[in-house]
Amino acid sequence: MQFEKKRLTFFVFLSLILFCQLICLPEAVLAAEFEISRDNEDLEAEDTPYEDDFDSIFDDPAEDIVVEQPADIDYRNQFEESKKIVVSGDFVIRAGGGFGWTDEPFDGYPEKVAGAYSKATISFDARPDPTIRIFGKLKTEMDSDNGSDVWSRLDFDELYCDYNWLDKSFFRLGKFYMTWGQGRLFRPANFMEDCEDGTSFRMTMPNVLDGVTLVSLYKRYPGSPNDGKLHKGDVSLAGHADKTLGPINFSAAMLYNQMDGQRYSGSVKTVILGTDLFADYVLNRSDEGDITHEALAGFYHEWENIKFYGEYYYDGRIEDDVDHCVGLATDFDNLFGSPVGMGFKWLHSVTDNAGQFIGGFSISPWKHVKIRMAIPWQYGDKELDKDFYEEFPINSKLAFTLFVELSAGF
Amino acid sequence: MKKIIAFLLFVCVICSAFADPDYVKMLKEVDDLVTFKGTDLSAEYTIVKRDPDGSSSTTVAAMFRRDSEDKFVVLVLQPVSDKGKGYLKQGNNLWLYDPIGKGFTFTSAKERFQNSSFRVSDFTGSNYAGNYKIKSVKQEKLGKFNCTVFDLEATTKSVSFPKVKIWVSEDNLVRKLEDYSLSGQLMRTSAFPSYQKVATRWVPAKIIIQDHLVFRKVGDKVEYERTTVDIKNPSLNKQPDSLYTKEYLERVNTK
């Protein structure tokens with residue numbers, strides 16, 4: 001209890017310092033940039049050609065040349081082959097706190113929480129020749145919000161081997177991630193969502209249509225005994241095909257699991273005025289023969305530092321509880337050239353009048369350091385995003401949080 | 001009187017019939033000279049972007065082109081943090097691999113390359129004859145080059161800019177290019193001061209791009225964002241079909 005009190009005092013104190021810095025920082029940052037600009041003015045005035053003398057480039061240009069012997073260089077080697085094993089990694093530590101209310105109305109005394117989270121990853125990438133690649137990523141984390149104050153066991157987040165057969169087929173075997181379907185906020189057509197927890201064998205034929213992929217996924221079915229034998233439902237088979245016709249990309253996929261039945265999807269995607277427009281349709285056929293439907297439609301637009309996307313999702317998996325959901329999200333990076341970012345994500349169930357909203361703001365005052373403020377708000381009883389509270393050490397309906405994050409990669 | 005008017009109309013029709021096709025033919029030659037139909041082309045691009053505040057950033061990329069199928073792949077070599085980041089263009093469609101989401105973004109090829117004034121579409125050869133119609137033509141001296149200046153207007157929405165003005169030297173190579181918005185605002189000026197001939201076709205050796213939308217004023221002068229592109233070691237080595245696929249982008253990504 002005493003320790004908790006001290007820890008809380010420490011984090012409240014830390015938050016206060018950060019908040020004070022945040023108030024002062026924009027000025028400091030702007031002042032620093034102003035100085036740089038001033039320093040450069042004299043230099044630039046001398047050596048930068050201006051609009052008026054752009055054409056002076058043509059007064060005495062280098063002569064055109066004839067390349068007698070085109071270079072016998074295969075640039076692919078620089079990506080496909082490496083004499084050395086490339087090792088990389090990153091480290092993140094985040095600490096902060098917040099306060100929030102677990103029940104509506106939000107007029108009582110808020111619950112205060114403080115905590116810290118750390119994560120470290122290390123990856124290796126070996127490409128001894130263009131036909132083979134071995135990649136692994138190890139991860140460990142410490143999350144005080146979940147009551148843990150020691151590092152978790154170092155475990156493989158990804159570990160796989162690639163084999164390129166005569167540039168006609170690619171094989172990948174191991175534990176790895178895949179994403180199918182078009183949605184970013186709702187992912188009904190992402191049949192490969194579970195592959196991160198299992199072992200997969202993937203064969204891709206990139207020159208058939210615009211890519212055909214076959215996957216066999218092994219993952220112990222929930223409830224099946226861990227006796228080293230293969231049980232019904234442990235293996236799923238899936239396929240995916242892509243074809244672009246004119247400006248429209250079509251894709252189709254299927255998944256079969258002996259326990260869960262079959263899932264089929266069809267997707268279309270196109271670009272109009274620089275905006276991705278897409279739609280997914282999913283048909284689920286259970287092992288008993290029951291058929292349900294899901295559908296998704298959405299858009300995605302990206303400007304230089306801004307991402308903006310929205311989706312509509314029809315979920316007809318439960319006959320008596322058909323749901324219509326909408327989602328909207330935006331992400332501003334380096335706002336007006338400053339180290340400030342902001343964004344929000346809103347998911348709403350029209351049928352249940354419930355949803356989740358998170359608005360956030362971040363500033364990166366120094367290299368590797370980021371200060372984040374976020375307001376997560378959940379209304380109604382439906383949880384649309386299962387990862388909603390992942391980043392927050394507070395399980396409240398409405399919360400105000402402030403963190404400082406130190407991250408570095410190598 | 002009617003006969004005179006008819007005669008004048010006849011002369012006008014004849015003149016225009018003989019004048020325009022020459023320029024259209026010239027535009028086709030301009031396109032042909034920078035299009036590699038029978039082979040793949042690969043080269044190393046060094047792209048240096050200098051902001052108006054004086055800061056600069058450098059990207060080195062390997063570019064692979066197959067003009068006969070209207071495809072190209074661009075893979076970043078430097079900075080090391082972006083190594084393996086790739087773009088695949090098929091027709092007017094562009095694919096990007098997102099190593100975080102483990103998926104592909106499907107977008108248009110008008111995007112800026114690595115936040116510079118160089119567009120992804122600038123990696124390809126030109127198709128002025130197919131995508132634009134001639135509005136006017138005049139002769140102009142550009143430094144040491146005697147140029148024909150074409151004022152062009154797009155006939156398709158798939159191009160990056162709806163209006164362009166190109167300066168074509170006597171050897172049918174584009175030396176200067178101005179890109180305009182639909183309203184006529186000057187967006188970019190590009191210079192192609194030197195070329196390199198590979199087999200029977202040409203590749204720019206250097207491109208200098210001035211972005212008219214990113215600038216600052218220094219005294220009474222305006223300083224624009226400037227991107228310099230150096231293209232080195234062009235190669236005509238044949239590439240496998242699998243290079244121009246999304247799977248390849250995923251395979252070479254290092255994240």
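Residues numbered from 1 in each chain as written. Chains lettered and ligands numbered in written order. Predicted model: local features only at pLDDT ≥ 70, side-chain atom pairs only at ≥ 80, totals over all residues. Heavy atoms only, no water.

The next point concerns the nonpolar core. All names here are of chain B. Counting 44 residues, the largest nonpolar core has Y45, F113, F118, F123, Y128 and I166 as the members making the most contacts within it. Those residues in contact with I166 that sit more than four places away from it in its chain are L27, Y128, T148, V149, F150, L152, V174, K176 and L177. In this structure, F64, L77, W95 and V252 belong to the second largest nonpolar core, which totals 18 residues. (Core = buried A, V, L, I, M, F, W, Y, C linked by side-chain atoms within 4.5 Å. Buried < 20%, exposed > 50% of the residue type's maximum accessible area, 1.4 Å probe, protein only. Contact = heavy atoms within 4.5 Å.)

Averaged over chain B, the pLDDT score is 85; the fraction of residues at 70 or greater is 90%. For this predicted complex, the interface score ipTM comes out at 0.77, while the overall pTM is 0.77. (pLDDT = per-residue confidence, 0-100.)

Looking now at the pairing of strand β7 (residues 132–142) of chain B. All names here are of chain B. Relative to strand β8 (residues 145–154), β7 runs antiparallel, the two sharing 10 bridges. Bridging from a neighbouring strand, S136 pairs with D151 of β8. Between β7 and β8, which pair antiparallel in sequence order, lie 2 residues; one of them, G143, sits at a positive phi of approximately 55°. (Pairing = 2+ DSSP bridges. Helix = DSSP H or I, 4+ residues; strand = E, 2+ residues; numbered from the N terminus.)

We now examine the packing of aromatic side chains. Considering all chains together, one arrives at 22 aromatic pairs over all chains under this definition. Consider the rings of Y75 of chain A and F64 of chain B, whose centres lie 6.5 Å apart with planes at 80°: the pair is edge-to-face. In this pair, Y75 of chain A is assigned in the loop between β1 (65–67) and α2 (77–80) and F64 of chain B in strand β2 (residues 56–66), connecting two distinct chains. Residue class for F64 of chain B comes out buried when judged on its relative accessible area of 0%. (Phe/Tyr/Trp six-rings, centres within 6.5 Å; stacked < 30°, edge-to-face > 60°.)

Further remarks concern the pairing of strand β4 (residues 86–90) of chain B. Residues and elements named next belong to chain B. The buried fraction of β4 is high, at 5 of 5 residues. Covered by surrounding structure in β4 are G86, L88 and Q90 together with Y87 and K89, the residues of both alternating faces. Direction of pairing for strand β3 (residues 71–78) relative to β4: antiparallel, over a ladder of 5 bridges. Across the sheet, residue L75 finds its bridge partner in β4, namely G86. With 4 bridges connecting them, β4 and strand β5 (residues 93–98) associate as antiparallel partners. Among the inter-strand pairings, K89 is bridged to a residue of β5, identified as L94. Linking β4 back to β5 in an antiparallel pair, the connection comprises 2 residues, with G91 at a positive phi of about 65°.

Below, the discussion takes up the pattern of salt bridges. Taken as a whole and judged by the stated rule, the model has 36 salt bridges over all chains. Residue R76 of chain A is joined to D74 of chain A by a salt bridge in which the shortest nitrogen-to-oxygen separation is 3.2 Å. Residues K71 of chain B and E69 of chain B are paired through a salt bridge, measuring 3.1 Å at the closest nitrogen-oxygen approach. On the basis of relative accessible area, K71 of chain B is assigned to the partly exposed category, the value being 23%. Looking at E69 of chain B, the relative accessible area reads 39%, which means it is partly exposed. (Salt bridge = Lys/Arg side-chain N within 4 Å of Asp/Glu carboxyl O.)

Quick look at the interface of chain A and chain B now. Listed by partner, the interface residues are 66 residues for chain A and 75 residues for chain B. With both chains or domains summed, chain A and chain B bury close to 5,800 Å², and 53% of this area falls on carbon and sulfur atoms. Contact with chain B buries surface across chain A, with F58, Y75 and F79 of chain A losing the most and accounting together for 14% of the total. Our enumeration of links across chain A and chain B arrives at 8 salt bridges. Note that D167 of chain A and R251 of chain B form a salt bridge whose closest N and O atoms lie 3.9 Å from each other. Linking chain A with chain B are 23 residue pairs in polar contact (both at pLDDT 80 or more), by the criterion used here. The dominant element in the side of chain A that touches chain B, judged by the number of residues it contributes, is helix α1 (residues 2–47) of chain A, at 4 residues. Residue composition of the side of chain A that touches chain B, grouped by class: 24 nonpolar, 16 polar and 26 charged. Pairing between β1 of chain A and strand β11 (residues 186–198) of chain B: 3 bridges, direction parallel. Bridging from a neighbouring strand, V66 of chain A pairs with K197 of chain B of β11 of chain B. (Buried area = accessible area lost by both parts, 1.4 Å probe. Polar contact = N/O pair within 3.5 Å; in protein donor to acceptor, adjacent residues only side chain to side chain. Nonpolar A, V, L, I, M, F, W, Y, C, P; charged D, E, K, R; others polar.)

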